[in-house]
Structures are given as C-alpha cells and as structure tokens.
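Here's the letter readout for the chains.
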Amino acid sequence: MSSVLQGFTKSLAMTFVSEIGDKTFFAAAILAMRYPRRLVLAGCVSALIVMTILSATVGWAAPNLISRKWTHHITTLLFFGFGLWSLSDGFKQGGGGSEELAEVEAELDSDLKANGKATKDNNNSKIEDVNKKQNRPFLTQFFSPIFLKAFSINFFGEFGDKSQLATIGLAADENPFGVVLGGIVAQLLCTTAAVIGGKSLASQISERIVALSGGMLFIIFGIQSFLTSVE
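Residues numbered from 1 in each chain as written. Predicted model: local features only at pLDDT ≥ 70, side-chain atom pairs only at ≥ 80, totals over all residues. Heavy atoms only, no water.

Concerning the side chain of E158
Here is step 1 of the chain: The topology assignment puts E158 in the loop between α7 (145-157) and α8 (162-173).
Here is step 2 of the chain: No salt bridge forms around the buried E158; measuring N to O, its nearest opposite-charge neighbour K23 is 11 Å away.
Here is step 3 of the chain: When near neighbours in sequence (up to four residues on either side) are disregarded, E158 contacts E19, D22, T24, L48, M51, S163 and Q164. (Helix = DSSP H or I, 4+ residues; strand = E, 2+ residues; numbered from the N terminus. Buried < 20%, exposed > 50% of the residue type's maximum accessible area, 1.4 Å probe, protein only. Lys, Arg positive; Asp, Glu negative; His and termini not counted. Salt bridge = Lys/Arg side-chain N within 4 Å of Asp/Glu carboxyl O. Contact = heavy atoms within 4.5 Å.)

Re the pattern of salt bridges
Here is step 1 of the chain: If you walk through the whole model with that rule in mind, you get one salt bridge.
Here is step 2 of the chain: Of the charged contacts in the structure, one is a salt bridge between K10 and E174, with a shortest N-O distance of 2.9 Å. You can see K10 sitting in helix α1 (residues 2-19) and its partner E174 sitting in the loop between α8 and α9 (176-203), a full 164 residues away along the chain. Residues K10 and E174 agree in their burial class; the two are buried.

Focus on the UniProt feature "transmembrane region" (unreviewed entry) in the protein
Here is step 1 of the chain: With numbering matched to this structure, UniProt assigns "transmembrane region" (unreviewed entry) to residues 39-58, 70-87, 138-157, 177-197 and 209-227.
Here is step 2 of the chain: With 100% helix and 0% strand, residues 39-58 has end C-alpha atoms that lie 29 Å from one another.
Here is step 3 of the chain: Helix makes up 100% of residues 209-227 and strand 0%, whereas the separation of the span's terminal C-alpha atoms amounts to 27 Å. (UniProt positions renumbered as here; feature names shortened; annotations may be inferred.)

Concerning the nonpolar core
Here is step 1 of the chain: I20, F25, L31, V40 and V104 are the most contacted members of the largest nonpolar core, which totals 22 residues.
Here is step 2 of the chain: For this core, the secondary structure elements donating two or more residues are α2 (23-34), α3 (37-65), α5 (99-114), α7 and α9.
Here is step 3 of the chain: Ranked by residues supplied to this core, first place goes to α2 with eight residues.
Here is step 4 of the chain: If we ignore the near neighbours within four places in the chain, the residues touching I20 are F25, C190, I205 and V210.
Here is step 5 of the chain: Grouped together as the second largest cluster of nonpolar side chains are 13 residues, V17, A166, V179 and L217 included. (Core = buried A, V, L, I, M, F, W, Y, C linked by side-chain atoms within 4.5 Å.)

Comments concerning empty space enclosed by the protein
Here is step 1 of the chain: Under the defined criterion, the tally for this structure stands at two cavities of 30 Å³ or more.
Here is step 2 of the chain: Taken together, 14 residues form the lining of the largest cavity, with T15, T52, S163, T167 and Q187 sitting closest to its centre.
Here is step 3 of the chain: If you list the elements that add at least two residues to the lining of the largest cavity, you get α1, α3, α8 and α9.
Here is step 4 of the chain: It is α3 that provides the largest number of residues to the lining of the largest cavity, a total of four residues.
Here is step 5 of the chain: Tallied by class, residues from the lining of the largest cavity come to three nonpolar, nine polar and two charged.
Here is step 6 of the chain: In terms of lining residues, the second largest cavity is bounded by E19, T24, F25, A28, L48, N154, Q187, C190 and T191.
Here is step 7 of the chain: At the level of elements, α2 and α9 are the ones that each hand at least two residues to the lining of the second largest cavity. (1 Å grid on protein atoms, 1.4 Å probe; cavity = no way out; pocket = protein on both sides within 12 Å on 5 of 7 lines; lining within 4 Å. Points joined across faces, edges and corners; volume = space filled by probe spheres on them. Nonpolar A, V, L, I, M, F, W, Y, C, P; charged D, E, K, R; others polar.)

Brief notes about the packing of α2 against α7
Here is step 1 of the chain: At their nearest, the axes of α2 and α7 sit 10 Å apart, and the two run at 170° to each other. When the interaxial angle is binned, α2 and α7 end up roughly antiparallel. Read as a crossing pair, α2 and α7 show a hand that is right-handed. For the pair α2 and α7, the contacting residues are T24, A27 and L31 in the first and K149, A150, I153, N154 and G157 in the second. (Axes fitted to C-alpha atoms, helices over the stretch in contact; angles between N-to-C directions. Parallel < 35°, antiparallel > 145°, perpendicular 65-115°, else oblique. Left-handed = near helix turned anticlockwise from the far one by under 90°.)

A few points about the packing of aromatic side chains
Here is step 1 of the chain: By the definition in use, this model includes 10 aromatic pairs.
Here is step 2 of the chain: Measuring from centroid to centroid gives 5.3 Å for F155 and F159, while their planes differ by 85°, and the two rings are edge-to-face.
Here is step 3 of the chain: Three or more aromatic residues joined by ring pairs form one cluster here, namely F79, F82, W85, F218 and F221.
Here is step 4 of the chain: For K10, the ring lying beneath its charged end belongs to F221, and the centroid distance is 5.5 Å. (Phe/Tyr/Trp six-rings, centres within 6.5 Å; stacked < 30°, edge-to-face > 60°. Lys NZ or Arg CZ within 6 Å of the ring centre and 35° of its normal.)

Remarks on the side chain of E19
Here is step 1 of the chain: With respect to the secondary-structure elements, E19 resides in helix α1.
Here is step 2 of the chain: At a separation of 3.0 Å, a polar atom in the side chain of E19 contacts the side chain of T24.
Here is step 3 of the chain: Each residue touching E19, except ones within four places of it in the same chain, is listed here: T24, F25, E158, D161, S163, Q187 and C190. (Polar contact = N/O pair within 3.5 Å; in protein donor to acceptor, adjacent residues only side chain to side chain.)

As for the environment of A166
Here is step 1 of the chain: For A166, the position within the fold is in helix α8.
Here is step 2 of the chain: Taking the relative accessible area as the measure of exposure, A166 reaches 1% and is therefore buried.
Here is step 3 of the chain: Sequence-wise, A166 and F218 are 52 residues apart; in three dimensions their C-alpha atoms are separated by 9.1 Å.
Here is step 4 of the chain: Not counting residues within four places of it along the chain, the set of residues in contact with A166 comprises M14, F82 and F218.

Structure below.
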C-alpha cells in the first residue's frame, strides 16, 4: 500500500507541474473557447489517460527487459536531466506566460484556416451542426470531429514530451498502478482547469515559475532516487 501511495504522490506532483503550463494545457483552453466544453474535456482527458496508461505500461515492462538496477539508475539520470532542463528553461524565460499560449493559438488558427473553418459563416454552420449533434444519443457525440480533434491534438502532443518520458521512468521505479492513478488525477485537474478557466486563466500562468517549480521537483525526485538503494 505504501508503494502505491508513493507512486501516486510522485506521479501526481510530477504530472501536475509538467502539464499546468504545457502546450496541451493551452490547446485545451483555446479549444474550449471554440467548441462545446464537454466534448473538448472528454477528448483531451481521454487522450491523456490513454497516453498515461501506455507510458506507465512501457515503464512497468522495462525492468523485464533490463535489470532493475539499471532501470533505477536510468530513472535517476532522467530526473536530474529533466530537472536541469526545466531550470534552464525557467531562467531563460521571462515572467509572462503568453509566449507559448500565443504559439499554440497561432498553430490552431493556421489549422482552422487550412481546413476552411476560419470564416464567420462556417463558424455559424459549425454551431448549428453542434446543436444537431446534441439531439443524438450521448455516446455518439464522442465520435464527433470535435472530440476526435481534441483527442488527437493532446495524444500526439504528448509523444516524446518530458512528462511522458518521466512517467515511463517513474513507472519503472515505482508502483505502476500508483503512477497511473496519480497521473490520471493530475491530468484531470489540469485539463478541467484549462477548459473551465479558458484563455484568461492560461494567459496568467507564468511559464517561468512553472518551469522552475518543475525543475526543483525533478531534482528532488532525482536526489531521492539516488539515495534509494536497489538490489
């Protein structure tokens, strides 16, 4: 039970500080301003849950392919590496939180224009389509283009991300069930805050503070992992 709680606590803290100012956080906030919130929330959370489970599964399988001693050392190096990386980013960034938000917003705008959805008339027709979908059975709404768009943006946005790699390393060194549970809770909290708070909340987040906090947390985890002996 203690190993599950430790994995849950580490995963919750690590995922929260990694995702609160991540691109997927900003993407969820912007998408929620343009589409029905429940579909955006469902798509984003579903993608992040699937990615968390996949990452933890890879981490859980790693000790079966490599000795537990080596996976422990690799995880320790990952924590220190990500910690120094985040601290470096934090010192380079300014105090504001609008740079990455503007970057994500520009990417989504260009995507909308490329698909011919940027005009006002098309936006009105899109709202009409959404209203029609609301009359369909509840579950069928989750196969809508809005759900799939939110799902794909978050799922592929997490590939190779720092939080994904850290989840793999953490699951290799801690109880994978606790890691999955903590990651899912953190993802749900962050994404719900982004969807409800929208752009106004996202624009007030200081990327520098988030990066420095995340860096310090990774360093702490690295020190703890280094001091922990593995047979």
